[in-house]
Amino acid sequence: MQARLAAKDIACRRGERLLFRKLSIDCVAGDAVHVTGPNGVGKSSLIRILAGLLRPYAGDVQHYGGRGLVDERLALDANLPLSKALAFWERLDGNADMGRAGDLLQLAPLLDIPVRYLSTGQKKRAALARMINSNCPIWLLDEPLNGLDHHAQTVFEALIDQHCGAGGIAIVASHQPIALPAPQAVALADFAA
Ligand SMILES: Nc1ncnc2c1ncn2[C@@H]1O[C@H](COP(=O)(O)OP(=O)(O)OP(=O)(O)O)[C@@H](O)[C@H]1O
């Protein structure tokens, strides 16, 4: 069965505020979605709902296929050299070869450096490579270009293109323009409560 992610009539409440409501997204293999909106409208909250990390106030989310998330929280042990921090996930994900993603995102020179010493963009490159290496068909990306230099941005845009071309799904919350293959646009302010 092909990858699918469907959110139906979801609403999001944070604290006492209802942020958005009646939002539906239906993605099938190959789809890309660009979520936009001003600060505080709920883009990160939406990505976390789609990832299953935050319960929607109303509506539901269904998915077929694993979900990979990259947001501002770096899921890598700050005290380990990057190679060992990545190896932790490689054991869980059952994929020991960082391979192409690691090459393209130029991780080789960073592997001996403790994660806490990596620059913002280097950490983001490592997080993206880890997600790619997990082989999840559904990519959930919260500001994935933040911190990346122009070359790394271009490389990652090409990786999204390949991922969708191979039947993956990418849902991207981004302030910055990002080249996505035939994206559906979701302007979150249109669903503000
Ligand atoms: N745990 C929480 N409890 C209460 N309110 C929260 C919580 N987390 C986030 N919020 C509020 O929810 C709103 C939406 O936050 P969110 O991070 O989803 O917005 P965003 O659109 O991603 O913003 P930005 O563009 O600045 O990244 C903000 O007003 C924020 O203060």
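Residues numbered from 1 in each chain as written. Predicted model: local features only at pLDDT ≥ 70, side-chain atom pairs only at ≥ 80, totals over all residues.

1. A word on the sheet that holds strand E4 (residues 58-64)
Now for step 1: Within the open sheet, the three strands sit side by side as E2-E1-E4. Their pairing is antiparallel. Each edge of the sheet is formed by a strand with only one pairing partner; in this case those strands are strand E2 (17-28) and E4. On average, adjacent strands in this sheet sit at an angle of 20 degrees to one another, irrespective of strand direction.
Now for step 2: Across six bridges, strand E1 (residues 4-14) lies against E4 in antiparallel orientation. Within E4, the residue paired with arginine 4 across the bridge is tyrosine 64.
Now for step 3: Where helix H1 (residues 43-51) meets the sheet, it contacts E1, E2 and E4, and its direction lies at approximately 130 degrees from that of E1. (Pairing = 2+ DSSP bridges. Helix = DSSP H or I, 4+ residues; strand = E, 2+ residues; numbered from the N terminus. Axes fitted to C-alpha atoms, helices over the stretch in contact; angles between N-to-C directions. Contact = placed C-beta atoms within 7 Å.)

2. Looking at the sheet that holds strand E5 (residues 67-70)
Now for step 1: If you walk across this open sheet you meet the five strands as E5-E6-E7-E3-E8, and the pairing is parallel. Edge positions in the sheet fall to E5 and strand E8 (184-187), since each of these pairs with one other strand and no more. For this sheet, the mean angle separating the axes of adjacent strands, direction not counted, is 15 degrees.
Now for step 2: Here strand E3 (residues 32-36) runs beside E8; their pairing, made up of four bridges, is parallel. In the strand pairing of E8, histidine 34 is matched with alanine 185.

3. Some remarks on the site of the ligand
Now for step 1: Around the ligand, the surrounding shell consists of Arg14, Gly15, Leu19, Gly37, Asn39, Gly40, Val41, Gly42, Lys43, Ser44 and Ser45.
Now for step 2: Of the residues forming the shell around the ligand, the biggest block, three residues, is contributed by H1.
Now for step 3: Among the residues forming the shell around the ligand, the class breakdown is two nonpolar, seven polar and two charged. (Near = placed C-beta within 6 Å. Nonpolar A, V, L, I, M, F, W, Y, C, P; charged D, E, K, R; others polar.)

4. What about the packing of helix H2 (residues 82-93) against helix H4 (residues 120-133)?
Angle between the axes and distance between the axes: these two values describe a pair of packed helices.
Now for step 1: Contact pair H2 / H4: the axes reach a minimum separation of 10 Å and the direction vectors enclose 20 degrees. Considering their axes alone, H2 and H4 lie roughly parallel with respect to each other. Relative to H4, the crossing made by H2 is right-handed. For the pair H2 and H4, the contacting residues are Leu82, Leu86, Trp89, Glu90 and Asp93 in the first and Ala126, Arg130 and Asn133 in the second. (Parallel < 35°, antiparallel > 145°, perpendicular 65-115°, else oblique. Left-handed = near helix turned anticlockwise from the far one by under 90°.)

5. Remarks on the pairing of strand E7 (residues 169-173)
Now for step 1: The buried count for E7 comes to five of five residues, which makes it a mostly enclosed element.
Now for step 2: Residues Ile169, Ile171 and Ala173 point to one face of E7 and Ala170 and Val172 to the other, with burial holding for every one of them.
Now for step 3: In terms of strand pairing, E3 meets E7 through four bridges, oriented parallel. Paired with valine 33 across the strands is isoleucine 171, a residue of E7.
Now for step 4: Judged from the five bridges that link them, strand E6 (residues 138-142) and E7 form a sheet pairing that is parallel. (Buried ≥ 20, exposed ≤ 12 C-beta atoms within 10 Å, placed from the backbone.)

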